Every structure is written in structure tokens, then in C-alpha cells.
Amino acid sequence: MFDRKKYKKYALSMLKKRWQIPLLMTLVCLILMTLLELPNIRSISSNYYTIAHFGTEVITETESETSLYSNLREFFSILIQYVLIFAQLSVYLKMSRSPNPVSGKDFIEGFALWARAILSCLWETLWTFLWMLLFIIPGFVKHYAYSMTKYLVIEFEELSVTKALRVSIAITRGHKAELFIMDLSFLGWLILATLSCGVGLLWLIPYREMSMINAYHSLLKEAVTSGIITKDDLEG
């Protein structure tokens, strides 16, 4: 049974007296992600300036000269963000499995997952995009069907990325709407975090991620218990 309130309550309980590393980890990642976006911000500002002073013809020429570089830069920026996300999730998963304190070393060790992080996120993004080509709603639904893939890839090191995605589809069957509603339940906190100039994100992101991981553990346990998947499905 999917119990959103319980997952969120457990998340706060798990974070209690262990906020320091999640806060520092979130701050570091937000700073790095912001730095990765600076070239895009500068490019947009430059384009507005060029249009205002020289017209659209000049901006068209400038865009054609730099489009390849910009696309490559954006692609690698996305890959780095994938790796940062996986490093954070590896810490949250460890926190969800044990009441012991975590350290910065756990976060650093999470970067060893860089290859699986990139493969997993690219594979998930590819399938979501293909469904989006049909229509927005199917792509949106599949986003939640694939949402447990990253946790499976981190927790089961021998599990292939393609198989992890299939397992995610299996364990989220019948629960995608509940996962969506759970995401919506953080909307008010997101608005408050935005009004605080983003400072509130330092608390919101760990809270949300721990809640989702609790949902993941529950869905996985339910699927194994009911025979939807077997332990063999979590290997190879």
C-alpha cells in the first residue's frame, strides 16, 4: 500500500540529527549546477544585447557560428549534472538503510558511479523522449514509470541499466498517479523555497529525495512480496 504521508514522515525522522551532510552536499551541487549554467546565461544576455543594438541579422550569424559549441557544452553539462545527482542519491540510499551518520567521504565515493549514472539517465531520457513524441501525457506517465531506475542502478551494482528500467516499470505499475501526487505535495514547499531566494532548497531537496527513496523501498518490497518481480530480476 502506497502511504505518502508515512514516507515523508520517515524521511524527516531519518534526516533528524543528520542534516549536516545533506545540507552541505546540496549546497555544493547547487553551486556547481549554477556554474555550469553560467555560459548559457551569458549567452542569452549577449543575444539580447546584440538584438537591441545590431538587430536580428547579426544574432542569426552569431548563433550559427557558436551553435555546435553551445550544444556540446550543454550536453556535457547535463552529463555532469547526472553524475552529481547519482552521488547525492547514493548518500540518501545509505542513510535510508542505516541510522549511522554519513560523511563527506560517502558523497565523494558516489562519484565512482559516474558511468552507470550517465548510462542510466541517458537511457531513461531517451525512452521518455520517444514517448513524448507520441504525446506529452504518455511521456509524462512514462517518466514516473521509469522513476525508480536510478535507485535500482545505485543499489544493485550488478543490475544492468536496461533491466533496471524494466524493473522500475514493473514496481511502479498501478502507483504512477500516487507518485505524481506525492511530487505535487512538495509544491508548497517549493514555492516557499523560491521565495527564500533558493535557500529553502537546501532543506527541501534532501527531504524530497529521502521521501522518494522511502517510496522506492516500499514499492520494491511490495513487488517482491507479491511476486511481481523475483530476486533474479535484481541480478545481472
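Criteria and cut-off values
- Residues numbered from 1 in each chain as written.
- Predicted model: local features only at pLDDT ≥ 70, side-chain atom pairs only at ≥ 80, totals over all residues.
- Heavy atoms only, no water.
- Salt bridge = Lys/Arg side-chain N within 4 Å of Asp/Glu carboxyl O.
- Helix = DSSP H or I, 4+ residues; strand = E, 2+ residues; numbered from the N terminus.
- Buried < 20%, exposed > 50% of the residue type's maximum accessible area, 1.4 Å probe, protein only.
- Contact = heavy atoms within 4.5 Å.
- Phe/Tyr/Trp six-rings, centres within 6.5 Å; stacked < 30°, edge-to-face > 60°.
- Lys NZ or Arg CZ within 6 Å of the ring centre and 35° of its normal.
- 1 Å grid on protein atoms, 1.4 Å probe; cavity = no way out; pocket = protein on both sides within 12 Å on 5 of 7 lines; lining within 4 Å.
- Points joined across faces, edges and corners; volume = space filled by probe spheres on them.
- Nonpolar A, V, L, I, M, F, W, Y, C, P; charged D, E, K, R; others polar.
- Expected span 1.5 Å × (residues − 1).
- Axes fitted to C-alpha atoms, helices over the stretch in contact; angles between N-to-C directions.
- Parallel < 35°, antiparallel > 145°, perpendicular 65-115°, else oblique.

Q: Please clarify how the pattern of salt bridges should be interpreted in this entry.
A: It is possible for side chains bearing opposite charge to pair when their charged atoms get close. Under the definition given, this model contains four salt bridges. The closest approach of N and O atoms between R208 and D183, which form a salt bridge, is 2.7 Å. Highlighted residues: R208 in helix α11 (residues 201-226) and D183 in helix α9 (residues 176-184), separated in sequence by 25 residues. Here R208 makes a salt bridge to E209, at a shortest N to O gap of 3.4 Å. The partly exposed category is assigned to R208, whose relative accessible area is 23%. Taking relative accessible area as the criterion, E209 reaches 15% and is therefore assigned buried.

Q: Mind showing me how you'd approach the side chain of S211 here?
A: Looking at where S211 falls in the secondary structure, it is placed in helix α11. S211 gets classed as buried once you look at its relative accessible area, which sits at 0%. Among all residues touching S211, those that are not within four sequence positions of it are Y7, K8, A11, M182 and F186.

Q: What is the right way to look at the packing of aromatic side chains in this model?
A: Both the distance between ring centres and the angle between the ring planes are used here to describe each pair of aromatic rings. Applying the stated rule across the entire model yields nine aromatic pairs. Between F2 and Y7, the ring centres sit 5.1 Å apart and the planes meet at 90 degrees, which makes this aromatic pair edge-to-face. Note on accessibility: F2 and Y7 belong to one class, buried. Seen from their ring centres, W123 and W127 are 5.8 Å apart, and the 80 degrees between their planes marks the pair as edge-to-face. Remark: W127 and W123 occur in helix α5 (residues 114-134); sequence separation between them is four residues, near one turn of the helix. With a relative accessible area of 32%, W127 lands in the partly exposed category. Here the aromatic residues F140, Y144 and F180 are joined through ring pairs into a cluster of three or more. Over the ring of F186 we find K8; its NZ or CZ atom is 4.5 Å from the centre of that ring.

Q: Got a minute to help me understand the layout of surface pockets in this structure?
A: Summary: where empty space remains is shown by rolling a probe the size of a single water molecule over the atoms. Reported here for the largest pocket is a volume of approximately 760 Å³. Along its surface, the largest pocket is lined by 31 residues, and I85, H143, K150, R208 and E209 are the ones closest to its centre. Put simply, the parts of the chain that give the lining of the largest pocket at least two residues each are α2 (20-54), α3 (56-97), α5, α6 (136-145), α7 (149-155), α9, α10 (187-195) and α11. The biggest single contributor to the lining of the largest pocket is α11, with six residues. Classifying every residue of the lining of the largest pocket gives 20 nonpolar, six polar and five charged.

Q: What's the story with α11 in this structure? I'm lost.
A: Because the α-helix completes a turn every 3.6 residues, residues three or four places apart line up on one side. Here α11 is 26 residues long and its end C-alpha atoms lie 37 Å apart, about the 38 Å a rise of 1.5 Å per residue gives. Note on α11: the residue one or two positions beyond its end, G227, has a positive phi of about 85 degrees.

Q: Explain the environment of L35 here, please?
A: With respect to the secondary-structure elements, L35 resides in helix α2. For the pair L35 and S77, spaced 42 residues apart in sequence, the C-alpha separation works out to 9.8 Å.

Q: How do you make sense of the packing of α6 against α9 when you look at a structure like this?
A: Two quantities define a packed helix pair, namely the angle between the axes and the distance from one axis to the other. Close contact between α6 and α9 brings their axes to 9 Å; oriented N to C, the two are set at 90 degrees. Considering their axes alone, α6 and α9 lie roughly perpendicular with respect to each other. Of the residues in α9, those in contact with F140, V141, Y144 and A145 of α6 are K176, L179, F180 and D183. For the contact of α6 with α9, the class distribution of residues is six nonpolar, no polar and two charged.

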